[in-house]
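Notes for the structure review
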Amino acid sequence: MRCFNTNQYSSITLHESRTDIYKRAWNFVGVVRCWRKGYRGMGMPKNPPPVRKPTSRQRQRTSANRPTSRQRQRTSAKRLKLRTTKRVPQCQRIRINPAGVNSTDLHPHPSHPRAGKSPSASRHYSSILPLTPNRSTPHLTTSASRSVSSVLKTLDPSDVSISRRPASEAEAEAACAPPKATILVSEKLGEVGLDVLRKFAHVDCSYSLSHEDLCAKISTCDALIVRSGTKVTREVFEAAKGRLKVVGRAGVGIDNVDLQAATEFGCLVVNAPTANTIAAAEHGIALMSAMARNVAQADASIKSEYWQISGYGMKHMGYYQPGPTTSKWQRNKYVGVSLVGKTLAVMGFGKVGSEVARRAKGLGMHVIAHDPYAPADRAHAIGVDLVSFDKAIGTADFISLHMPLTPTTSKIFNDDTFAKMKKGVRIINVARGGVIDEDALVRALDSGVVAQAALDVFTEEPPPKDSKLIQHENVTVTPHLGASTKEAQEGVAVEIAEAVVGALNGELAATAVNAPMVPAEVLSELAPYVTLAEKLGKLAIQLVAGGSGIKSVKVVYKSARGPDDLDTRLLRAMITKGIIEPISDTFINLVNADFTAKQKGLRISEERVTVDTTPDSPIDSIEVHIANVESKFAGASSESGEIVLEGKVKYGIPHLTRVGSFGVDASLEGNVILCRQIDQPGMIGNVGSILGEKNVNVNFMSVGRTGMRQHAIMAIGVDEEPDKDTLKKIGEVPAVEEFVFLSL
Ligand SMILES: NC(=O)c1ccc[n+]([C@@H]2O[C@H](COP(=O)([O-])OP(=O)(O)OC[C@H]3O[C@@H](n4cnc5c(N)ncnc54)[C@H](O)[C@@H]3O)[C@@H](O)[C@H]2O)c1
Ligand SMILES: O=C(O)[C@H](O)COP(=O)(O)O
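Cut-offs applied
Residues numbered from 1 in each chain as written. Chains lettered and ligands numbered in written order. Predicted model: local features only at pLDDT ≥ 70, side-chain atom pairs only at ≥ 80, totals over all residues. Heavy atoms only, no water. Helix = DSSP H or I, 4+ residues; strand = E, 2+ residues; numbered from the N terminus. Buried < 20%, exposed > 50% of the residue type's maximum accessible area, 1.4 Å probe, protein only. Areas by Shrake-Rupley, 256 points an atom, 1.4 Å probe, with all protein chains shown as cover. Core = buried A, V, L, I, M, F, W, Y, C linked by side-chain atoms within 4.5 Å. Near = heavy atom within 4 Å. Polar contact = N/O pair within 3.5 Å; in protein donor to acceptor, adjacent residues only side chain to side chain. Nonpolar A, V, L, I, M, F, W, Y, C, P; charged D, E, K, R; others polar. Contact = heavy atoms within 4.5 Å. Arc of directions from axis to C-beta. Salt bridge = Lys/Arg side-chain N within 4 Å of Asp/Glu carboxyl O. Patch = residues over 30% accessible without salt bridge, like charges linked within 9 Å, V, L, I, M, F, W, Y side chains within 5 Å. Lys, Arg positive; Asp, Glu negative; His and termini not counted. Charge placed at Lys NZ, Arg CZ, Asp CG, Glu CD. Pairing = 2+ DSSP bridges. Axes fitted to C-alpha atoms, helices over the stretch in contact; angles between N-to-C directions. Parallel < 35°, antiparallel > 145°, perpendicular 65-115°, else oblique. Left-handed = near helix turned anticlockwise from the far one by under 90°. pLDDT = per-residue confidence, 0-100.

**Considering the overall build of the protein chain**
When helices and strands are tallied, the protein chain shows 24 helices and 22 strands. Sorting the 744 residues of the protein chain into buried and exposed places 50% on the buried side. Counting only carbon and sulfur atoms, one obtains 52% of the accessible surface of the protein chain, whose full area is about 35,500 Å².

**As for the nonpolar core**
Residues Leu-543, Ile-550, Val-553, Ile-626, Leu-656, Val-659 and Leu-674 are the most contacted members of the largest nonpolar core, which totals 54 residues. The leading source of residues in this core is helix α20 (residues 520-543), at 11 residues. Within the second largest apolar cluster, 31 residues are counted, among which are Phe-389, Met-403, Phe-418 and Val-450.

**Some details on the site of ligand 2**
Within the structure, ligand 2 sits among Arg-227, Ser-228, Arg-249, Ala-250, Gly-251, Val-252, Gly-253, Asn-276, Arg-432, His-480 and Ala-483. Note that an oxygen atom of ligand 2 is positioned 2.6 Å from one of the backbone N or O atoms of Val-252. At a separation of 2.6 Å, an oxygen atom of ligand 2 approaches a polar side-chain atom of His-480. Out of a free accessible area of 310 Å², ligand 2 has 91% covered by protein chains. Partitioning the shell around ligand 2 into residue classes produces three nonpolar, five polar and three charged.

**Notes on the side chain of Arg-676**
Mapping Arg-676 onto the fold places it in strand β19 (residues 671-678). Not counting residues within four places of it along the chain, the set of residues in contact with Arg-676 comprises Phe-633, Ala-634, Gly-635, His-711, Ala-712, Ile-713, Ala-735, Val-736, Glu-737 and Glu-738.

**Side note on helix α7 (residues 191-198)**
Among the residues making up α7, those that are buried are Gly-193, Leu-194, Val-196 and Leu-197. With its buried residues spanning 155° around the axis, α7 presents them on a single face. On the buried face of α7, the contacting elements are β1 (181-185), β2 (201-205), β3 (223-226) and α19 (486-504).

**Details of the pattern of salt bridges**
Overall, the coordinates contain 27 salt bridges when judged by the stated rule. In this structure, Arg-572 engages Glu-606 in a salt bridge whose closest nitrogen and oxygen atoms are separated by 2.8 Å. Linking Arg-572 in helix α21 (residues 569-580) with Glu-606 in strand β14 (residues 603-610), this pair joins segments that are 34 residues apart in sequence. Glu-737 serves as the salt-bridge partner of Arg-676, at 3.0 Å between the closest nitrogen and oxygen. Of this pair, Arg-676 sits in strand β19 while Glu-737 is found in strand β22 (residues 736-742), placing the two residues 61 residues apart along the sequence.

**Observations concerning a negative patch on the surface**
Taken together, Glu-212, Asp-213, Glu-235 and Glu-238 make up a surface patch of like negative charges. Mapped onto the negative patch, the elements with two or more residues apiece are α8 (211-217) and α9 (234-239). Its location among the elements puts Glu-238 in helix α9.

**Here we look at the pairing of β3**
Alternating positions in β3 separate into two faces, Ala-223 and Ile-225 on one and Leu-224 and Val-226 on the other, with burial throughout. Two elements, β1 and β3, share three bridges in a ladder whose sense is parallel. Among the inter-strand pairings, Leu-184 is bridged to a residue of β3, identified as Leu-224. Pairing between β3 and strand β4 (residues 246-249): four bridges, direction parallel.

**Some details on the packing of α20 against α21**
Running from N to C, α20 and α21 point in directions that differ by 30°, and their axes come no closer than 7 Å. Of the possible angle classes, the one that applies to α20 and α21 is roughly parallel. Considering only the axes of α20 and α21, their crossing is right-handed. Packed against α20, whose contacting residues are Leu-523, Leu-526, Tyr-529, Val-530, Ala-533, Glu-534, Gly-537, Lys-538 and Ile-541, the element α21 presents Leu-570, Leu-571, Met-574, Ile-575, Lys-577, Gly-578 and Ile-579 at the interface. Of the residues in the contact of α20 with α21, the class split is 11 nonpolar, two polar and three charged.

**Details of the site of ligand 1**
Lys-351, Val-352, Asp-371, Val-430 and Asp-456 are the nearest of the 25 residues found near ligand 1. Here Val-352 contributes a backbone N or O atom positioned 2.8 Å from an oxygen atom of ligand 1. Contact between ligand 1 and Gly-482: an oxygen atom at 3.4 Å from a main-chain N or O atom of the residue. Protein coverage of the free-state accessible area of ligand 1, which is 860 Å², stands at 87%. Across the shell around ligand 1, the residue classes tally to 12 nonpolar, nine polar and four charged.

**Some points on the sheet that holds β4**
Taking strand neighbours across the sheet as the criterion, the five strands line up as β2-β1-β3-β4-β5 in an open arrangement whose pairing is parallel. Taken across any chain shown, the strands that pair with only one partner, and hence form the sheet edges, are β2 and β5 (268-271). Averaged over all adjacent pairs, the angle separating strand axes in this sheet is 20°, with direction ignored. Both β1 and β2 contribute to a ladder of five bridges, which runs parallel. Following the sheet pairing, Val-185 is matched in β2 by Cys-205. Seen against the sheet, α7 touches β1, β2 and β3 and runs at an angle of roughly 140° to β2. Of the strands in this sheet, β1, β3, β4 and β5 are in contact with α19, which crosses β4 at around 170°.

**Focus: the sheet that holds strand β17 (residues 653-659)**
Read from one edge of the open sheet, six strands run β14-β13-β15-β16-β17-β18, paired in mixed fashion. This sheet does not close on itself; its edge strands, each paired only once, are β14 and β18 (662-667). The sheet shows a mean angle of 20° between the axes of neighbouring strands, taken without regard to direction. Taken together, the six bridges between strand β16 (residues 643-650) and β17 define a ladder with antiparallel strand orientation. Bridge pairing in β17 links Leu-645 to Val-659. Packing of α20 onto the sheet brings it into contact with β15 (621-626), β16 and β17, and relative to β16 it is tilted by some 155°. Where α21 meets the sheet, it contacts β13 (552-559), β14 and β15, and its direction lies at approximately 140° from that of β13.

**Considerations on unusual backbone geometry**
Cis geometry is adopted by the peptide bond preceding Pro-462, which originates at Glu-461 and carries an omega value of -5°. Note on placement: Pro-462 falls in the loop between β11 (450-455) and α18 (468-471). At Asn-294, a position not held by glycine, the phi torsion is positive, near 55°. You can see Asn-294 is positioned in the loop between α11 (277-292) and α12 (295-312). Given a relative accessible area of 9%, Asn-294 falls into the buried group.

**Topic: the confidence of the model for the protein chain**
Averaged over the protein chain, the pLDDT score is 78; the fraction of residues at 70 or greater is 73%. Below a pLDDT of 50 lies the segment residues 1-147, which in the model reaches 230 contacts outside its immediate sequence neighbourhood of four places, other chains included. Within the model, pLDDT remains below 50 along residues 157-165, and this stretch shows 11 contacts once partners closer than five positions in the same chain are excluded. Among the scores for the predicted complex, ipTM is 0.99 and pTM is 0.69.

This is the structure in structure tokens:
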């Protein structure tokens, strides 16, 4: 009748995530100069070189050479053909190995429920199970991954259309393979990361999509990877029509992603928070040094003179008018200030802030920091004092910004705060433009309160052409280059690719932004309880008459462990899922469970009871109590009138162990029939034979009673759903007082 599969819940394997930190190459001056060309800033050539207009003949020739739209089409078709031809060997490889992974990856583990199933069975299961894990990415290998896949949104085969029947064995194998996800990459991502993605999914790199194009495309994508340039708004989530499962931010700042909307739509957001830390810190130091020594301004000044000269003097044309080459050799104008001995205030002592602090200490600066959430001992460890906001900005010679853009930090540097700064302060911003009121900064620069600013980030990117801030001669700018080193971009690409692939496989990402991060070992341990929690929720809601009107649910966890040793967020999410999903069309996962419950006016409270059992297993039992509702099965109501169900995990299998006041023991592997009856001989045989006659397989049966020959509840686990007639016959057994069929 039953089989215990103790192997099913084996431990998880995680590859170590790649968080190697790279040193960065610095090409600062060239960038500053290049970007400044677009703005009429200080140091730009006043007399740009004359541009000779083409003659009408030349114009004719040029337009004659221009290909017609027909020609352009033909050329791109040709290019496409060329590309296709070049790819032939790759296509062949893909046919043999359709998932783009080792062929062994196509075969599920023998303990996997999909093992040995037909393609259709495989398709059926894959909506709740993860795709076959890809070996090149970190993954939870067994049940932990499987359980979590039902907590997160994973690939649904209905998202993938199968267009033709397999003709050969290879094609049949291809048809058995898990469906491939589609991942849209909307901004430049490092090749190494793309390689990781391509092994797992169809990757669509569309780097110049308008917002409208993005909205039009997104409903065909399972994941979206962005950097800071793509605005992932509510409109995008709406346009995704439920298909988008993960948004990966290839970087730290997630202020361009509408997290509230993502959460409401059950879409996981992950970021790559570590790989660009050093690059950003180095850029902060680069900007500070360059600003202090007027590197960018001096460079632009000298070059402007040379550009002017080259405009007049074209040596190759035979004439050259040498200009006053030394007039912009302005050694007195660009005298800078020293860093050594100066006070630097690091605003936001997180990953980047602390690396900036460490480097500034090395330059001989006195470093203070302000961060309401940073632990003082971490600051002390690198010789930094944590101080109040006012003290930091009031005493610093240099202020470097490293806090995220949030409603609290938006325009935190404004007229009022600039007024509190030391006159002649210098500001560096490699965090987010929005933390500064840019108009106020221009005023502070004009008045001399702020001597100089070095900015990598802006409220609007790119800033408007007439931006006074960009044009200000005391401002040094770069076009959001903090994370732009080869090394950081490689690291970020791998970090985000692994997180996105992992999430699509149903794993809980360590860098989840809008979902609780549950460590892998906790997850592995909780896996069978996750299943139990969802099943208890599902059973409980079916016992509520009319299936609605629930206002509150109490969950009681009995455990030998202390409250700090038991993370119940996953379990709560799964109970919520079990309760809400059967009565609404809302898809619930770990991301949106709490939000959806709140939105539906459902209060889920939790209680922990310490029991004297072995702390080896995290939980002894889970109880679900639903008060103030009518039960369609009176036997499920406790003396206090609440519907009460209790479950336990036995040998890795979830069991129903209490219904109302009756102790039972039914494995929750199939559906359940509950019968309340007068305790008397022959009941099990009676009901069993009714089910047997209709070929309904019983996988478990247990009876709990209040006392001998009194009332009893029979819990029967059945593999199939009995038809109406069969259920009616059970109800007609004379000693049966009531019964209910509960599907799982
Ligand atoms: N220019 C770039 O290319 C670039 C590159 C990397 C990071 N960044 C940006 O730099 C910022 C910091 O990145 P990180 O990786 O260090 O993040 P982080 O989360 O490690 O650090 C941010 C710190 O700011 C603190 N903070 C929050 N609110 C604050 C407030 N009101 N006042 C002071 N501190 C506050 C937090 O406690 C945290 O310690 C982010 O905005 C990120 O987007 C920019
Ligand atoms: O928040 C970040 O990680 C940085 O601002 C980098 O942004 P980018 O990926 O657009 O360079």
